[in-house]
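Notes for the structure review
The primary structure of each chain is shown beneath.
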Amino acid sequence: MSRRNETRDRLEKLKALWARGESLLIVMQNNPDPDAIAAACALHQLANRTAGLNCRFAYGGTIGRAENRELVHYLGFAFYPFDKISHQKSDLIALVDTQPSAGNNPLPEGVQPDIIIDHHPAIEASRGVAFADIRESYGATSTIMWEYLREAKITPDMPIATALLYGIRSDTQDLGRESTQADIDAIESLYPLANKRMLGQIQRGRVPSDYYQMLSTALSNTRIYSHCMICDIGDIDNADMIGEVADLLLRHEEVDWVMCYGVCSGRILISFRTQDSSLDAGDVARKVVDKLGTGGGHEHMAGGQISLLAAKRSMRKYLRIKGLIRGRFLNALGIRTRKGRPLVHIP
Ligand SMILES: [Mn+2]
């Protein structure tokens, strides 16, 4: 079946499902990124226009990264922390850019969503869901949502078109990673509809002094081991920084793998980035967090999380986990040395 017919079929299924309720709760991952935010808003527009559904948005963690705050402000929708709303009040629940039990979203175990739209590798828990559209080859969930809007003959309004374009560009690093023809088509169609001035403004979101302090700490805690880097950001309030620093470090000319981790709200959060196609970042992430937490992702980018509840009162346990994940990461890459050299010299 062609891509277009497939989307048409799925749109019909969605509409049938929507006929069962009046309200839809759209749940994003923890610390939602631009792709999740854009896809959620596009789903809102689709559900509202085709079925008149009342939609609410919920997320886990925080919306911290300057670009994301700027984007949310521009979109003008109310985004609620999941624990501040009662999900029981919505007839239907949708998960975008994440899946049940993935470990990176606020949906409690035992609460089954009705809809999943995602581009991460499918996981077991998604099987029993009434509607699951999981397209692993797509660079962004925003691309999938753009195909639904197009199929439903809905032209996204300017903020949503801008968000979708930004979501695809940031998840694929401007089509440089994990992108397919579908992502390219979506970008080309969305470009004329987007607010170009706003795109620039979102990318240059203003940041507080803390941001530079965090960056300074991160750089001074980065070590190079052969062709990879490991960065320990330490305690942070803003979980988005972990991915941001990982992206920055991957630009280093001698490095093709980066693992960056920090502690946020009682959990170690880890980002993996690579330019090496011989090893899958999602596989490396799963190896690193094995029996400690959850993890997974794509070929070139992945993440993991480990709860520190069990290690709460024991500094030794905490340091042991950090040592363990560093060792496992180096093992996964086949790097023998345990002696890293500092990335920068602090005067
Ligand atoms: Mn995504």
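Keep in mind it's a predicted model, so treat the numbers as computed, not measured.

A short note on the coordination of the manganese ion
Protein-derived ligands of the manganese ion are D35 (OD), D97 (OD), H119 (NE2) and D171 (OD), with the metal-ligand distances lying across 2.1 to 2.4 Å. If you list the donors of the manganese ion from N- to C-terminus, the spacing comes out as D-x61-D-x21-H-x51-D. Residue D97 is found in the loop between β4 (92-96) and β5 (115-118), and its partner D171 is found in helix α5 (residues 158-171); the two are separated by 74 residues along the sequence.

Regarding the sheet that holds strand β11 (residues 294-297)
Strand order in the open sheet formed by seven strands is β11-β12-β10-β9-β8-β7-β13, with mixed pairing between adjacent strands. The open sheet is flanked by β11 and β13 (341-342), the only strands paired with a single partner. For strand β7 (residues 222-225) and β13, the ladder comprises two bridges, and the chain directions are antiparallel. In the strand pairing of β13, R223 is matched with P342.

Let's talk about the domain arrangement of the protein
Domain annotation of the protein identifies domain 1 (3-203) and domain 2 (210-342). For domain 1 versus domain 2, the distance between C-alpha centres works out to 27 Å. At the junction of the two partners, domain 1 supplies 17 residues and domain 2 supplies 18 residues. The interface formed by domain 1 and domain 2 holds one salt bridge in total. Seen at the junction of domain 1 and domain 2, the total is five residue pairs in polar contact (both at pLDDT 80 or more). Across the side of domain 1 that touches domain 2, the residue classes tally to two nonpolar, 10 polar and five charged.

Digging into the sheet that holds β4
Strands sit in the order β3-β2-β1-β4-β5-β6 across an open sheet of six strands; the sheet is parallel. Strands at the two margins of the open sheet, each flanked by one partner only, are β3 (79-81) and β6 (131-134). Each strand axis lies, on average, 25° off the axis of its neighbour in the sheet, ignoring direction. As paired strands, β4 and β5 are joined by three bridges and run parallel to one another. Note that in β5 the partner of V96 across the bridge is I117. Against the sheet, helix α1 (residues 3-18) touches β1 (23-30), β4, β5 and β6, its axis set at about 150° to β6.

Looking at the nonpolar core
Membership of the largest hydrophobic core comes to 56 residues, with the highest contact counts inside it found for W18 and L24. If you tally residues by element for this core, the top one is helix α2 (residues 34-51), at 10 residues. Aside from chain neighbours lying at most four places away, what touches L24 is W18, L43, A47, L53, N54, C55, R56, S90, L92, I93, A94 and I115. Residues M259, I268, I306 and I335 belong to the second largest nonpolar core, which totals 26 residues.

Concerning the environment of S170
Inspection of the secondary structure puts S170 in helix α5. Its relative accessible area of 26% is what places S170 among the partly exposed residues. It is 33 Å that separates the C-alpha atoms of S170 and G21, two residues lying 149 residues apart in sequence. The contacts of S170, once residues within four sequence positions are left out, are P34 and R177.

Points about the packing of aromatic side chains
Under the defined criterion, the tally for this structure stands at five aromatic pairs. With centroids separated by 5.3 Å and ring planes inclined at 55°, the aromatic side chains of F57 and F77 adopt a geometry described as tilted. In this pair, F57 sits in strand β2 (residues 54-60) while F77 sits in the loop between α3 (66-75) and β3, placing the two residues 20 residues apart along the sequence. Residue classification places F57 among the buried residues on the basis of a relative accessible area of 3%. Judged by its relative accessible area of 25%, F77 falls in the partly exposed class. Seen from their ring centres, W257 and F329 are 6.2 Å apart, and the 70° between their planes marks the pair as edge-to-face. Of the two residues, W257 is situated in strand β9 (residues 257-264) and F329 in helix α11 (residues 315-332); the sequence distance between them amounts to 72 residues. Each of the two residues, W257 as well as F329, counts as buried. Through pairs of rings, three or more aromatic residues link up here, namely F57, F77 and F79. Geometry around Y191 places K196 over its ring, the cationic atom sitting 4.8 Å from the centre.

Considerations on the pairing of β5
On β5, burial covers both faces: I115 and I117 on one face and I116 and D118 on the other are all buried. As judged from the four bridges shared by β5 and β6, these two strands associate in the parallel manner. What sits directly across from D118, in β6, is I134.

Conventions and cut-offs
- Residues numbered from 1 in each chain as written.
- Predicted model: local features only at pLDDT ≥ 70, side-chain atom pairs only at ≥ 80, totals over all residues.
- Heavy atoms only, no water.
- Donors = N, O, S within 2.8 Å, 3.2 Å for Na, K, Ca; no water.
- Helix = DSSP H or I, 4+ residues; strand = E, 2+ residues; numbered from the N terminus.
- Pairing = 2+ DSSP bridges.
- Domains from an automatic or database assignment.
- Contact = heavy atoms within 4.5 Å.
- Salt bridge = Lys/Arg side-chain N within 4 Å of Asp/Glu carboxyl O.
- Polar contact = N/O pair within 3.5 Å; in protein donor to acceptor, adjacent residues only side chain to side chain.
- Nonpolar A, V, L, I, M, F, W, Y, C, P; charged D, E, K, R; others polar.
- Axes fitted to C-alpha atoms, helices over the stretch in contact; angles between N-to-C directions.
- Core = buried A, V, L, I, M, F, W, Y, C linked by side-chain atoms within 4.5 Å.
- Buried < 20%, exposed > 50% of the residue type's maximum accessible area, 1.4 Å probe, protein only.
- Phe/Tyr/Trp six-rings, centres within 6.5 Å; stacked < 30°, edge-to-face > 60°.
- Lys NZ or Arg CZ within 6 Å of the ring centre and 35° of its normal.

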